[in-house]
Amino acid sequence: METLPSWVWGFYYGFILIALVSSIVYLIRKQRKLLATLTIVSAVFGPIIFFLQSLLRASGTEMDNLWHSLGQGKIWALFVLLALMEMLLWFVTLMKDLFGQWGKTNSLKLPWPDSHHIE
């Protein structure tokens, strides 16, 4: 059986680990509770289902199996894809939160007047 390169798996599991840890932190801080809970569910069950279904594949890589199963309309493949999309949404939200806070604390005041603002 073929498999994906090690760097792909490192990126994939790093992505899941960061999503899981950050969503637990958000849940403890009682911030974005619904999205954090969905991310925890996605980060736990998505990879487990993906892994178990990858063990049952006949040939090709794990991603080949996922795309083929999506084409056949298999529920597990749709769940895994939705879980990955939800975790991507979590990362976008996380980046907006982090860079939004960073921008507030590190805002620069320009020494000249804003040229777009006319009084």
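How each quantity is defined
- Residues numbered from 1 in each chain as written.
- Predicted model: local features only at pLDDT ≥ 70, side-chain atom pairs only at ≥ 80, totals over all residues.
- Heavy atoms only, no water.
- 1 Å grid on protein atoms, 1.4 Å probe; cavity = no way out; pocket = protein on both sides within 12 Å on 5 of 7 lines; lining within 4 Å.
- Points joined across faces, edges and corners; volume = space filled by probe spheres on them.
- Helix = DSSP H or I, 4+ residues; strand = E, 2+ residues; numbered from the N terminus.
- Nonpolar A, V, L, I, M, F, W, Y, C, P; charged D, E, K, R; others polar.
- Axes fitted to C-alpha atoms, helices over the stretch in contact; angles between N-to-C directions.
- Parallel < 35°, antiparallel > 145°, perpendicular 65-115°, else oblique.
- Contact = heavy atoms within 4.5 Å.
- Buried < 20%, exposed > 50% of the residue type's maximum accessible area, 1.4 Å probe, protein only.
- Arc of directions from axis to C-beta.
- Phe/Tyr/Trp six-rings, centres within 6.5 Å; stacked < 30°, edge-to-face > 60°.

**Concerning the layout of surface pockets**
And step 1. The calculated volume of the largest pocket comes to roughly 290 Å³.
And step 2. Lining the largest pocket are 14 residues, and of these Phe 11, Tyr 12, Phe 15, Met 63 and Leu 84 lie nearest its centre.
And step 3. Among the elements of the structure, helix H1 (6–28), helix H3 (62–71) and helix H4 (75–105) are those that each provide at least two residues to the lining of the largest pocket.
And step 4. Among the elements that take part in the lining of the largest pocket, H1 stands out by supplying 5 residues, more than any other.
And step 5. In terms of residue class, the lining of the largest pocket is made up of 14 nonpolar, no polar and no charged.

**A closer look at the packing of helix H2 (residues 33–55) against H3**
And step 1. With their axes 10 Å apart at the nearest point, H2 and H3 run at an angle of 95° to one another. With respect to each other, H2 and H3 are oriented roughly perpendicular. Of H3, the residues touching H2 (which contributes Phe 50, Gln 53 and Ser 54) are Glu 62, Met 63, Asn 65 and Leu 66.
And step 2. A per-class count over the contact of H2 with H3 returns 3 nonpolar, 3 polar and 1 charged.

**Considerations on H3**
Counting along an α-helix, one turn takes 3.6 residues, and residues three or four places apart therefore face a common direction.
And step 1. Among all positions of H3, only Glu 62, Asn 65, Leu 66 and Ser 69 are buried. Angularly, the buried residues of H3 cover 100° about the axis, an arc narrow enough to put them on a single face.

**Some words on the packing of aromatic side chains**
And step 1. Here the structure, examined in full by the defined rule, presents 7 aromatic pairs.
And step 2. An angle of 80° between the planes, with centres 5.6 Å apart, marks the rings of Trp 9 and Tyr 12 as edge-to-face. Taken as a pair, Trp 9 and Tyr 12 lie in helix H1 at a separation of 3 residues, close to a single helical turn.
And step 3. Judged by its relative accessible area of 18%, Trp 9 is buried.
And step 4. Connected via pairs of aromatic rings, a cluster forms that spans Trp 9, Tyr 12, Tyr 13 and Phe 50.

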